[in-house]
Amino acid sequence: MKSGFFKKRRLVSAGIFIGLCLCAFFFIFPIYWAVTMSFKYNEDILTTVPAYVPTRVTVGHYIEIFRNSSFPSFLLNSTKVASLTTLLCVLVASMAGFGLTRFSFKGNKAVSLGIYVIRMIPGLLYTIPLYIIYLNLGLLDNHLGLIAAYCTFSLPMSIWLFLGFYEEIPREIYESASIDGCSNYRMYWEIALPLVLPSISVVAILCFIGAWNEFGLALTLTFKDAFKTLPIAINSMIQRDRDTPFGSIAAAGTLSMVPAVILSLTMQKYIVKGFTAGAVKG
């Protein structure tokens, strides 16, 4: 009986392992293909028999996008917009989450429910109304307008995450701080915020990557090259009237992945802590 049970268990484990390997290959192979393509010569990219492992490499595509295009300007635009969006979202969401969990007031539950509902609505549904509003306010082709739009759509998710993090803090800590004469501001800055510090990295990374990769709003709200972000710039590299520079596009896409990869690897410890916050009470 025992041998049959363990044999069945090993078969299940082997099946799960094979399934996970297939899933990993499904997600990793396109990234591998884009990276290797960025180092191939043009004549080696479009071949009848694809070369999965390049036999010769070149950095010419990377040199080209920096010398012969506005890629550095697009990179700077994305960095500025994503960084400021992340900073504002973390600051506002952390204060909003603290206020909603710390204080009881009329309409508290309605506000929290509204955050949940807004989070379920796709942001692209607001694209046309937002475009009309921005057109009337003169905020098209403006980084501040783009940052405001990104913050608007990132805040519901950010506040929702902070609500879960703050709810795990025992109320006795707040009560002890109040007895000692701690003000609400000090309670937020010196007590609540340090306790959810690992969780802040989760919100920050999600906001940064969301703003860094966002395409729909940036395509609708920016038209001049001086204000375009990386996703729009990479899309505009596709040539419809002549040969598409696949190598340059792959190089630009590879560089656009670097910040997200670095953030994920360097902040992995805090990401795990943030996602597991509140999993065990006691």
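Definitions and limits used
Sequence order as written defines residue numbering, which begins from 1 separately in each chain. Reporting in this predicted model follows two pLDDT cut-offs: at least 70 for local features of residues, and 80 or more for side-chain atom pairs to be given and counted; totals over whole chains, interfaces and linings ignore these cut-offs and use all residues. Note that water and hydrogens are dropped before the side-chain values are worked out from all heavy atoms of the structure. Angles here are taken between N-to-C directions and fall from 0 to 180 degrees, while the axes themselves are lines fitted to C-alpha atoms, restricted in helices to the stretch in contact. Secondary structure elements are taken from DSSP: a helix is a run of H or I of four residues or more, a strand is a run of E of two residues or more, and numbering for both begins at the N terminus. Less than a right angle of anticlockwise turn of the near helix away from the far helix marks a crossing as left-handed, whereas a clockwise turn marks it as right-handed. Residue contacts are defined here by distance: any two heavy atoms, one from each residue, within 4.5 Å place the two residues in contact. Three classes are used, and their members are as follows: Ala, Val, Leu, Ile, Met, Phe, Trp, Tyr, Cys and Pro are nonpolar, Asp, Glu, Lys and Arg are charged, and the others, Gly among them, are polar. A pair of sulfur atoms, both from cysteines and within 2.5 Å, is called a disulfide here. Only protein chains enter the calculation, and the probe is 1.4 Å; a residue is then buried if its accessible area is under 20% of its type maximum, exposed if over 50%, and partly exposed in between. Patch definition: residues with relative accessible area over 30% and no salt bridge; like charges joined within 9 Å; nonpolar side chains (Val, Leu, Ile, Met, Phe, Trp, Tyr) joined within 5 Å. Values of accessible area rely on a 1.4 Å probe in the Shrake-Rupley scheme; residue burial ignores everything except the protein chains shown. Any Lys or Arg side-chain nitrogen located within 4 Å of an Asp or Glu carboxyl oxygen qualifies as a salt bridge. A helix is expected to reach a length of 1.5 Å times the quantity of its residues less one. Only buried Ala, Val, Leu, Ile, Met, Phe, Trp, Tyr and Cys residues count toward a nonpolar core, and they belong to the same one when joined by side-chain atoms within 4.5 Å. Here a polar contact means two N or O atoms within 3.5 Å. Within protein one must be a hydrogen donor candidate and the other an acceptor candidate, and residues neighboring in sequence count only if both atoms are side-chain atoms. Pairs were defined over the aromatic rings of Phe, Tyr and Trp, the Trp ring being its six-membered one, requiring ring centres within 6.5 Å. Orientation was assigned from the angle between planes: stacked under 30 degrees, edge-to-face over 60, tilted for the rest. Here is the rule for angles: anything less than 35 degrees is roughly parallel, anything more than 145 is roughly antiparallel, 65 through 115 is roughly perpendicular, and the remaining ranges are oblique.

**Student:** Which residues make up the packing of helix H4 (residues 71-102) against helix H10 (residues 197-213), and what values go with them?
**Tutor:** One can describe the packing of H4 onto H10 by two numbers: an axis separation of 8 Å at closest approach and a directional angle of 145°. The hand of the H4/H10 crossing is right-handed. Of the residues in H10, those in contact with Leu-75, Ser-78, Thr-79, Ala-82, Ser-83, Thr-85, Thr-86, Cys-89 and Val-90 of H4 are Ile-200, Val-203, Ala-204, Cys-207, Phe-208, Ala-211 and Trp-212. Of the residues assigned to the contact of H4 with H10, the class counts are 11 nonpolar, five polar and no charged.

**Student:** Describe in detail the state of the cysteines, supporting the description with residues and values.
**Tutor:** Counted by the stated rule, this structure contains zero disulfides. The closest cysteine sulfur to the non-disulfide-bonded Cys-21 is located on Cys-23, 9.4 Å from its own sulfur. The partly exposed category is assigned to Cys-21, whose relative accessible area is 36%. For Cys-23, a relative accessible area of 42% puts it in the partly exposed group.

**Student:** Please give an account of a nonpolar patch on the surface that cites residues and values.
**Tutor:** A contiguous nonpolar surface patch, about 700 Å² in accessible area, is contributed by Phe-26, Phe-27, Ile-28, Tyr-32, Tyr-52 and Val-53. As for its position among the elements, Ile-28 is in helix H1 (residues 2-38). In this structure Ile-28 comes out as exposed when scored by relative accessible area, which is 52%.

**Student:** Before we move on, can you summarise the pattern of salt bridges with the specific residues and values?
**Tutor:** As enumerated under the stated definition, the model contains four salt bridges in all. Of the charged contacts in the structure, one is a salt bridge between Arg-56 and Glu-43, with a shortest N-O distance of 3.0 Å. In this pair, Arg-56 sits in the loop between helix H2 (42-45) and helix H3 (60-67) while Glu-43 sits in helix H2, placing the two residues 13 residues apart along the sequence. With a shortest N-O distance of 3.2 Å, Lys-228 and Asp-225 are connected by a salt bridge. With relative accessibility at 14%, the residue Lys-228 sits in the buried group. Since its relative accessible area comes to 45%, Asp-225 is described here as partly exposed. Through salt bridges that share partners, Glu-43, Asp-44 and Arg-56 make up one connected network.

**Student:** Explain the environment of Leu-263 to me, using residue names and the numbers behind them.
**Tutor:** If you trace the backbone, Leu-263 turns up in helix H13 (residues 246-266). Put simply, Leu-263 and Ala-204 are 59 residues apart on the chain and 9.9 Å apart in space, counted from C-alpha to C-alpha. Beyond its immediate chain neighbours, meaning those up to four positions away, Leu-263 contacts Ile-205, Phe-208 and Gln-268.

**Student:** A description of helix H5 (residues 108-120) should follow, citing residues and the corresponding values.
**Tutor:** For the α-helix, the turn length of 3.6 residues means that residues three or four positions removed from each other point alike. Taking 1.5 Å of rise per residue, the 13 residues of H5 would be expected to cover 18 Å, and the 19 Å separating its terminal C-alpha atoms lies within 8% of that figure. Packing partners of the buried residues in H5 comprise H4 and helix H7 (143-167).

**Student:** Could you give me a rundown of the nonpolar core, with the residues and numbers involved?
**Tutor:** Within soluble globular proteins, side chains that are nonpolar tend to cluster in buried spots. Of all hydrophobic cores here, the largest spans 53 residues; its most connected members are Phe-162 and Tyr-166. Counting residues per element, this core draws most heavily on H7, at 11 residues.

**Student:** Hey, could you go over the environment of Thr-86 for me, with residue numbers and the actual values?
**Tutor:** For Thr-86, the location among the structural elements is in helix H4. The class for Thr-86 is buried, based on a relative accessible area of 10%. Linking Thr-86 and Phe-215, residues 129 residues apart in sequence, is a C-alpha distance of 17 Å. Contacts of Thr-86, omitting those with residues within four sequence positions, involve Ala-204, Cys-207 and Phe-208. Within polar-contact distance, the side chain of Thr-86 engages the backbone oxygen of Ala-82 at 2.7 Å.

**Student:** Before we move on, can you summarise unusual backbone geometry with the specific residues and values?
**Tutor:** The phi dihedral of Asp-141 is positive, around 55°, even though this residue is not glycine. Looking at the element boundaries, Asp-141 is found in the loop between helix H6 (127-137) and H7. Residue Asp-141 is classed as buried on the basis of its relative accessible area, which comes to 15%.

**Student:** Can you tell me about the packing of aromatic side chains, naming the residues and giving the values?
**Tutor:** Taken as a whole and assessed by the stated rule, the structure comprises 17 aromatic pairs. Consider the rings of Phe-66 and Phe-71, whose centres lie 5.4 Å apart with planes at 75°: the pair is edge-to-face. A relative accessible area of 41% means that Phe-66 is categorised as partly exposed. Through successive ring pairs, a cluster of aromatic residues spans Phe-98, Phe-103, Phe-162, Phe-165, Tyr-166, Tyr-174, Tyr-188 and Trp-189.

**Student:** Explain the packing of helix H9 (residues 184-195) against H10 residue by residue, including any values.
**Tutor:** Packing of H9 against H10 leaves a shortest axis separation of 5 Å and a crossing angle of 70°. If you check the angle between H9 and H10, you find them roughly perpendicular. Of H10, the residues touching H9 (which contributes Leu-193, Pro-194 and Leu-195) are Leu-197, Pro-198 and Ile-200. A class-by-class count of the residues in the contact of H9 with H10 yields six nonpolar, no polar and no charged.

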